[in-house]
Amino acid sequence: MRLSKVVTLGVVGAALSLAALLATENLGVGERADGSPLYSFVLEDLHDRGAYVLRGRWLPTGRTPYLEEHSEYPQLATWFMGLPYLFLDHGLDPGLTKLQVEAATKAVHGDYLEMWHVHMAVVLALLVLVVAAGLVSLGENPAWALLAFLPASLYFSFNRYDVLPALLVSAAVLFQLRGRILLAAFVMALAAMTKWYPALLLPLLASANVQAIRRDQRTSGATGPAGGWGTALLWGAVAPGLVATATAAAILAITWFWDGGGLDAILHPFQHHGDRPPNPSSLVRNLTDPRHWGLVGADSVLVTHVIPALQFLPALVLAFVPLRTRRALVAACVTVVISFVLFSKVFSPQWVIWFAPLLLLLVPRSRGALALLVSLELLLYLQTPLFFYEMMAAAAAREQVVFEPAANWMLVNTLRSVALLLLWAWALLATLRSAFGTGAAGGGDDISISALGDPPPA
């Protein structure tokens, strides 16, 4: 399928999804004994978007983010949440009293939620374009990018903001695949200012750059200083590192100087997330809570040392692995992101959008990975929104205070955990096989990463 046709289908898909959301409101299916929907949030939920209404309120009111208006999100995400107000008649003007601000926020709440969907439709269409371009760069059919409309990814693309960092990460990887390494570092730094996980991918990009430059040096027969490690490290790691650091520093500097926020404003979102306990879907909670799997104690070595190490170590360890092909680099990126998701003390279902677009670059050559991704997407949609909100509504009807997992939710949660673990193992194995032999992520016919040359032909 031609790239232009895929892009058109992506735009049409995003537009049709948006139309369905705007034509309905909290669509539910099924019926309880009291007449309320059994499954209340089939197409959209209110949870995170309701927070975005408040986090973006800094723009119309002139209140300073992190100081006068709380936000648990990084800078670019917080700023982005203000954009829908530019298209609304909101009544949130500077100088209002606290009560007036709350009243105006309540009045504009529904309009903001719908305008959020409009913004996300644009971002989703752009994501399809970028993933399709990445597939073309790897010599694959760009139609695989349309799997961005799988159920969980589609649901959370509209109801959360995680599709925005996913778009930026996918764009950074696309630039990397095309040899635009400084631009890739710049865009990846922007992504890290919307969600922090993209920062873990920067060592991989630097490592791929250095290895590619060294291969180019050997191929061209370069000798002396121009053909040594110093040149490779300077242009492959130091230069992109400086670009990424300067980009992040410039964004943080705005927060630092904005009304004298200083270090308190910069650390504000970090402090919020650092204090969060394990949530019911997390691997840690499942392993330690007797109401879940209850396999080990909360003070076991597995929980206190092994799992936290597995969350971050792949980002460093894989940077020292020989990434011989561009697909190996993508597989390594997928491994790092899934490691962060799988072994985090908090699991959020929308995080599937973090790695699914990158995985779409690899599934054309692995039906196993494709099957795992489709299964995971279906299980995540069943787990949240369907079973989770149904479980919460039933618990509220019983006035149940302590969280007790329902049987259907627990089963799907377990299957989802297994599918995610298998997908992580596949990505890790694919990376290592490509590095030390041939495998699904690479293959002898793949094009080597080139940090200096022209983009490969489509």
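Refer to the structure above for everything that follows.
Residues numbered from 1 in each chain as written. Predicted model: local features only at pLDDT ≥ 70, side-chain atom pairs only at ≥ 80, totals over all residues. Heavy atoms only, no water.

S.K.: How should I be thinking about the overall build of the chain in this particular structure?
M.R.: Broken down by element type, the chain carries 17 helices and zero strands. Its C-alpha atoms give the chain principal-axis dimensions of about 75 × 50 × 50 Å. Relative to its full complement of 458 residues, the chain shows a buried share of 54%. Restricting to contacts in the chain with at least 6 residues of sequence separation, those with at least 24 account for 72%. In the form shown here, the chain has an accessible surface area of approximately 19300 Å², with 68% of it arising from carbon and sulfur atoms. Separation between the mean location of the 28 positive side-chain charges and that of the 29 negative ones in the chain comes to 12 Å. (Helix = DSSP H or I, 4+ residues; strand = E, 2+ residues; numbered from the N terminus. Buried < 20%, exposed > 50% of the residue type's maximum accessible area, 1.4 Å probe, protein only. Contact = heavy atoms within 4.5 Å. Areas by Shrake-Rupley, 256 points an atom, 1.4 Å probe, with all protein chains shown as cover. Lys, Arg positive; Asp, Glu negative; His and termini not counted. Charge placed at Lys NZ, Arg CZ, Asp CG, Glu CD.)

S.K.: Would you take a moment to explain the packing of helix H14 (residues 326–342) against helix H15 (residues 352–359) for this structure?
M.R.: For the pair H14 and H15, the least separation of the axes is 9 Å and the interaxial angle reads 165°. The angle between the axes of H14 and H15 places the two elements in the roughly antiparallel class. Between H14 and H15 lies a crossing of left-handed hand. Counted together, Val330, Cys333, Val334, Val337, Ile338, Phe340 and Val341 of H14 and Trp354, Phe355, Leu358 and Leu359 of H15 form the full contact between these two elements. Split into classes, the residues belonging to the contact of H14 with H15 amount to eleven nonpolar, no polar and no charged. (Axes fitted to C-alpha atoms, helices over the stretch in contact; angles between N-to-C directions. Parallel < 35°, antiparallel > 145°, perpendicular 65-115°, else oblique. Left-handed = near helix turned anticlockwise from the far one by under 90°. Nonpolar A, V, L, I, M, F, W, Y, C, P; charged D, E, K, R; others polar.)

S.K.: When you look at empty space enclosed by the protein in this model, what are you seeing that I'm missing?
M.R.: Empty space among the atoms becomes visible once a probe the size of a water molecule is rolled across them. Under the counting rule described, the total for this entry stands at four cavities of 30 Å³ or more. Considered as a void within the structure, the largest cavity measures approximately 60 Å³ in volume. In this structure, the largest cavity is lined by Leu124, Leu127, Leu147, Ala148, Ser153, Ser157, Ile353, Ala356, Pro357, Leu360, Leu373 and Glu377. Mapped by element, the contributors of at least two residues to the lining of the largest cavity are helix H5 (98–137), helix H6 (151–159), H15 and helix H16 (367–397). Counting residues per element, the lining of the largest cavity draws most heavily on H15, which supplies three residues. Taken together, the residues of the lining of the largest cavity break down into nine nonpolar, two polar and one charged. (1 Å grid on protein atoms, 1.4 Å probe; cavity = no way out; pocket = protein on both sides within 12 Å on 5 of 7 lines; lining within 4 Å. Points joined across faces, edges and corners; volume = space filled by probe spheres on them.)

S.K.: Sorry if this is basic, but what is going on with the side chain of Ser281 here?
M.R.: Among the secondary structure elements, Ser281 is positioned in the loop between helix H11 (262–274) and helix H12 (283–288). Once residues lying within four places of it in the same chain are set aside, the contact partners of Ser281 are Asn286, Phe347, Gln383, Trp409, Asn413 and Arg416.

S.K.: Quick question: what am I supposed to make of the packing of aromatic side chains here?
M.R.: Remark: the centre distance and the inter-plane angle together describe each pair of aromatic rings, the angle taken between the planes. This structure, assessed with the given rule, holds 20 aromatic pairs. Taking the centre distance of 5.9 Å and the plane angle of 80° together, the rings of Tyr52 and Tyr161 count as edge-to-face. Remark: Tyr161 occurs in the loop between H6 and helix H7 (163–177) and Tyr52 occurs in helix H2 (residues 47–55); sequence separation between them is 109 residues. Relative accessible area serves as the criterion here: at 1%, Tyr161 is assigned to the buried category. Ring centres of Phe343 and Trp424 lie 5.2 Å apart, and the angle between their planes is 85°; on these two criteria the pair is classed as edge-to-face. (Phe/Tyr/Trp six-rings, centres within 6.5 Å; stacked < 30°, edge-to-face > 60°.)

S.K.: What's the story with the pattern of salt bridges in this structure? I'm lost.
M.R.: Note on pairing: side chains with opposite charge can pair once their charged atoms come close. The tally for this structure, following the rule as stated, stands at twelve salt bridges. Asp48 serves as the salt-bridge partner of Arg160, at 3.5 Å between the closest nitrogen and oxygen. Taken together, the residues Arg160 in the loop between H6 and H7 and Asp48 in helix H2 connect sequence positions 112 residues apart. Taking the relative accessible area as the measure of exposure, Arg160 reaches 4% and is therefore buried. Residue Arg63 pairs with Glu69 through a salt bridge whose shortest N-O separation is 2.8 Å. (Salt bridge = Lys/Arg side-chain N within 4 Å of Asp/Glu carboxyl O.)

S.K.: How should a negative patch on the surface be read in this particular structure?
M.R.: On the surface, a cluster of negative charge is contributed by Glu25, Asp89, Asp111 and Glu114. With respect to the element layout, Asp89 can be found in the loop between helix H4 (75–80) and H5. (Patch = residues over 30% accessible without salt bridge, like charges linked within 9 Å, V, L, I, M, F, W, Y side chains within 5 Å.)

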